[in-house]
Amino acid sequence: MSAATVPMASARSERPSVLELYRDDGPVAAAIGAAAGRSVPLPAIGLLLLAILPGLVAILVAGDGAPRGIVAAAVVWAVVLGGLSSGRPLTDRMRWAVPPALRALEYGGLLWIAAVAGASSLPAGFAVLCAITYHHYDVVYGLRHRGVALPRWVQAAGGGWDGRLLGALVLLLVGALPAGFYVMAALIAVLFVGETVAEWRRVGRTQRPVYDDEEDEAD
Amino acid sequence: LRAVTSALTQSGSGPRGGAVAPAGAATAVLMATADAEGGAPAAALAWEDGTLIGRLLDQLAGLDVGSAHVIARPAATAALEPVVGAAGLPVRLQPSPGRPADLRTVADIARAATGAVVIAYADTVTQREALAGLLADPRVATGILGTAGHMARPFGYRTRVRRGRVMGASSAYHRVVSPNGTFLGVLKVAAADRERLVEVAEQLAALLERGLPPALEEELSAKGERWRRSLVLRAFRRAGVEPPEPEALETVALAPEDDAELARRLAGAREDVTALLLVGLVRAGLHVGVSGLRRLFWARPLSEPAVEHARERIADHDEDRALLDSSVKRSDGFFTTFFVSPYSKYIARWAARRGLTPNQVTLASAALGAIAAAAFATGHRPGLVVGAVLLQLAFTLDCVDGQLARYTRTFSKLGAWLDSIFDRGKEYLVFAGLAIGASRAGDPVWLLAGSALGLQIMRHAVDFSYPVTQHQLIAATPQPPIEAPSDSRRQTLPDDDRPEPEPDAEAEREPRPAAPPPRRGLRSRLRAVWRAGDRSSKVVWVKKVIAFPIGERFAAISLTAALFSPRVTFIVLLAWGGFAAAYVLVGRALRSLA
């Protein structure tokens, strides 16, 4: 697998490893992880389960009727604990479960925020999810077929899972939904699709794929 | 480097002056050091109007190999000279007195080459498509022609392959534990790995000059004994007689022709540096891939009767048929394998004959998916039915594009990326179409649609991340030094790698001390329960259906949308997908922790 560009395992300070790229951390999570991640004696997946738990309980208990204060507290808690997990080394045996847990956290959180904002925000929330989905697949397939990770500024501008959750929370609290979600979806789509197009122009079209393993193909 | 280039220009007396490949083209090195009867090289045995090596050279010339070197013993060069002069590419004959010189010649050629280096037995008889799978497939960088079958029994060198990578290789002097494949004597080293090839060849040459460690020599005598035993058993089988006790086999004499065959193979094994190079590269930790023989023909005949036999059998192998069958992805799900691939491969062949490219098919599939989504978005029954049918057509084309790419070997980075992204895009576009249609019909399902999407993303994230850890594990597997005959059984193997039941009488066996059965922890017992039944193909198919792959998902979407409503579709997707997610997560967690 694209060993030339992406190391299999890395210390956080150098180039990120494949799983670290799959995490899709934004600046907030990365800062929290860099500041305090080292001092937490838990594997990343443990921190992520703790991050998800309060929100999950609130969703099961209150659903879309949850008070906004509860939603805010649960989202901030998830970002802080998820951010801490970004500072943990991805060397334990369950490290493969970290990216899926982050996906569950982000998509579940965004859907919850949309539901709390009201039924009219749900289609807008679906649009946001679609835009993020494109990004998440391109992180994987771009690495596989172009052999390069996203430029850092694009990754940061996309906000990461943490930035997008916090952004959605702010939109909810200031009452900017559903319109805010449509704007957010459009911005995310323009950023990442534009980046992909630019990247393909740079890479050219004819070289062989750097990574091809049918068995790893998701289906 | 300068010294090497001058050595190259001095040595040899190629009939066409030199064998310098055009920049970037592959260079072939054919090993004509195995003898047929009477000391003549087997490569010079007659095949139709030419010879074995002439046939191979022509095949290589047709696969963009720019030049070839033929390494042979000085006494054998006279027999080869007319042959290489008639070849369709520049060939240089490289007389070499012995194995260290063979290896140093390989190192020199690799140093001077500009493209890939292809090393092969000069007496290989195979079909063009088998070579093309290794040489012309851009997805294989450094790799071997191999098979999971029982080719070349009992003399073929076994390999252990994990996730498409050669993890263990054998030679006359090396053995592999838990082998699951066979090396078929063709090795391609990508341009980027040429320096490693030079290092390994030099290292092996030095090892041979010093004299091989006794353990390696013992391995060859053990192999000779095993080959002898299996020839004896074969003779009994052919005669329809019950073979005697294993201990008594040693005393049974071989028939003269079998004895001659064994002697030829043993002599050839001693001279065989191709397999040694493969072992060296694998033990050096190089990523060596595999291109499968598929259902094509391969043989290494070292005598006239063997050539005759090969000529009779090669006609039974239809190259186009084999290529078409192998264009179907191996690891597809149940629905795809039984309801789509059987006819989609013919669409792929039709598309290939019309000159359609995989990317065009990908785009057509995406367009059909978009129209299907639009039809779903109407929200009324005829729209749902039309959408369901169109989605199935789109899915068929989804399978066709990959099959077309494999059939015509047109792979591009952009094409692979487009295929992957559009596959996903279609699915979520259909989700959006269904949800819009449901809203129009007065039954909004956006939350269900969003949840189904989130669940599918999460499941794919597992499918992407888990193999990464497996590759990390494989890359971290230590390789024993070249001086060790066996690669150890005691290493952490990633999952999916349970040793297969050895089908071969010639199984390479590691003596196992009779130890008391180890105490099994709860986790390993759970793991065993999880895997129980994996040997039965029915259980494997059931597991695949449970995992809810794309064929099953698209079938479920079409059926539920056409017969019921988008709400039912999303509930089914969430229920089945949720069960699949739980099943896969538990299974992989058990495997990771056990």
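Fair warning: this is a prediction, and the values are worked out from it, not measured in the lab.

**So, the overall build of chain A**
- Looking only at helices and strands, one finds nine helices and zero strands in chain A.
- Going from N to C terminus, chain A has its helices and strands arranged as α-α-α-α-α-α-α-α-α.
- The buried share among the 219 residues of chain A stands at 54%.
- Contacts in chain A between residues at least 24 apart in sequence constitute 80% of all its contacts with a sequence separation of at least 6.
- As presented, chain A carries roughly 8800 Å² of accessible surface, and 68% of it is formed by carbon and sulfur atoms.

**Here's the deal with the overall build of chain B**
- Along chain B, the regular secondary structure elements total 20 helices and 13 strands.
- Here chain B holds 594 residues, and the buried ones make up 56% of them.
- Counting contacts in chain B only where the partners sit at least 6 residues apart, residues at least 24 apart contribute 80% of the total.
- Taken as a whole, chain B presents about 24700 Å² of accessible surface, with 60% of it coming from carbon and sulfur.

**Side note on the packing of aromatic side chains**
- Counted according to the given criterion, the structure contains 17 aromatic pairs over all chains.
- When the ring of A:Trp96 is compared with that of B:Tyr466, the centres are 5.2 Å apart and the planes differ by 85°; the resulting orientation is edge-to-face. Here A:Trp96 is found in the loop between helix 4 (68-85) and helix 5 (98-117), whereas its partner B:Tyr466 is found in helix 16 (residues 446-475) on a different chain.
- Judged by its relative accessible area of 1%, A:Trp96 falls in the buried class.
- Exposure remark for B:Tyr466: the relative accessible area of 2% places this residue in the buried category.

**Digging into the packing of helix 6 (residues 121-145) of chain A against helix 9 (residues 179-203) of chain A**
All names here are of chain A.
- Between helix 6 and helix 9, the shortest axis-to-axis distance is 8 Å and the interhelical angle comes to 20°. When the axes of helix 6 and helix 9 are compared, the pair comes out roughly parallel. Seen along the crossing, helix 6 lies across helix 9 with a hand that is left-handed. For the pair helix 6 and helix 9, the contacting residues are Ser 121, Pro 123, Ala 124, Gly 125, Ala 127, Val 128, Ala 131, Ile 132, Tyr 134, His 135, Asp 138 and His 145 in the first and Phe 181, Tyr 182, Met 184, Ala 185, Ile 188, Ala 189, Phe 192, Val 193, Thr 196 and Trp 200 in the second.
- Grouping the amino acids of the contact of helix 6 with helix 9 by side-chain chemistry returns 16 nonpolar, five polar and one charged.

**Some details on the interface of chain B and chain A**
- Taken together, the contacts link 51 residues of chain B with 48 residues of chain A.
- Taken together, both faces of the contact between chain B and chain A bury some 4900 Å²; the carbon and sulfur share is 68%.
- Considering only the side of chain B, the residues that lose the most area to chain A are B:Lys413, B:Trp417 and B:Phe464, jointly responsible for 17% of the buried surface there.
- Summed over the shared surface of chain B and chain A, the result is zero salt bridges.
- Where chain B touches chain A, the interface holds eight residue pairs in polar contact (both at pLDDT 80 or more).
- Looking at the side of chain B that touches chain A, the elements that each hand over two or more residues are helix 15 (413-440), helix 16, helix 19 (550-563) and helix 20 (566-593) of chain B.
- A total of 22 residues in the side of chain B that touches chain A trace back to one element, the largest contributor, which is helix 16 of chain B.
- Residues of the side of chain B that touches chain A, tallied by class, amount to 27 nonpolar, 14 polar and ten charged.

**Thoughts on the side chain of B:Thr569**
- Along the polypeptide, B:Thr569 turns up in helix 20.
- Taking relative accessible area as the criterion, B:Thr569 reaches 0% and is therefore assigned buried.

**Here's the deal with a nonpolar patch on the surface**
Residues and elements named next belong to chain A.
- A cluster of nonpolar side chains, contributed by Leu 53, Leu 56, Val 57, Leu 60 and Val 61, occupies part of the molecular surface with about 520 Å² of accessible area.
- Counting through the fold element by element, Val 61 comes out in helix 3 (residues 44-62).
- For Val 61, a relative accessible area of 69% gives the class exposed.

**Re the pattern of salt bridges**
All names here are of chain B.
- Inspection of every chain in the model, using the stated rule, returns 34 salt bridges over all chains.
- The salt bridge involving Asp 320 is made with Arg 353; its shortest N-O contact spans 3.9 Å. With Asp 320 in helix 11 (residues 319-326) and Arg 353 in helix 12 (residues 334-353), the pair connects residues that are 33 residues apart, well separated along the chain.
- Arg 353 sits in the exposed class, given a relative accessible area of 61%.
- One connected set of salt bridges, linked through shared partners, spans Arg 104, Asp 108, Arg 111, Glu 202 and Glu 209.

**Some details on the pairing of strand 4 (residues 65-72) of chain B**
All names here are of chain B.
- The buried fraction of strand 4 amounts to eight of the eight residues, a majority that puts the element mostly inside the structure.
- Summarising the sheet, strand 1 (residues 26-31) and strand 4 pair through six bridges and their orientation is parallel. Bridging from a neighbouring strand, Val 29 pairs with His 69 of strand 4.
- With helix 3 (residues 77-85) bridging strand 4 and the parallel strand 5 (residues 91-95), this β-α-β connection has right-handed handedness.

**Quick notes on the environment of B:Gly450**
- Mapped onto the fold, B:Gly450 is located in helix 16.
- Of the residues examined, B:Gly450 reaches a relative accessible area of 0% and is grouped as buried.
- Measuring from C-alpha to C-alpha, the distance between B:Gly450 and B:Phe570 comes to 9.4 Å, with 120 residues separating the pair along the chain.
- Apart from the residues within four sequence positions on either side, B:Gly450 is in contact with A:Leu111, A:Phe126 and A:Leu129.

Each value, and the rule that gives it
Residues numbered from 1 in each chain as written. Chains lettered and ligands numbered in written order. Predicted model: local features only at pLDDT ≥ 70, side-chain atom pairs only at ≥ 80, totals over all residues. Heavy atoms only, no water. Helix = DSSP H or I, 4+ residues; strand = E, 2+ residues; numbered from the N terminus. Buried < 20%, exposed > 50% of the residue type's maximum accessible area, 1.4 Å probe, protein only. Contact = heavy atoms within 4.5 Å. Areas by Shrake-Rupley, 256 points an atom, 1.4 Å probe, with all protein chains shown as cover. Phe/Tyr/Trp six-rings, centres within 6.5 Å; stacked < 30°, edge-to-face > 60°. Axes fitted to C-alpha atoms, helices over the stretch in contact; angles between N-to-C directions. Parallel < 35°, antiparallel > 145°, perpendicular 65-115°, else oblique. Left-handed = near helix turned anticlockwise from the far one by under 90°. Nonpolar A, V, L, I, M, F, W, Y, C, P; charged D, E, K, R; others polar. Buried area = accessible area lost by both parts, 1.4 Å probe. Salt bridge = Lys/Arg side-chain N within 4 Å of Asp/Glu carboxyl O. Polar contact = N/O pair within 3.5 Å; in protein donor to acceptor, adjacent residues only side chain to side chain. Patch = residues over 30% accessible without salt bridge, like charges linked within 9 Å, V, L, I, M, F, W, Y side chains within 5 Å. Pairing = 2+ DSSP bridges. Right-handed = clockwise from strand over helix to strand, strands pointing away.

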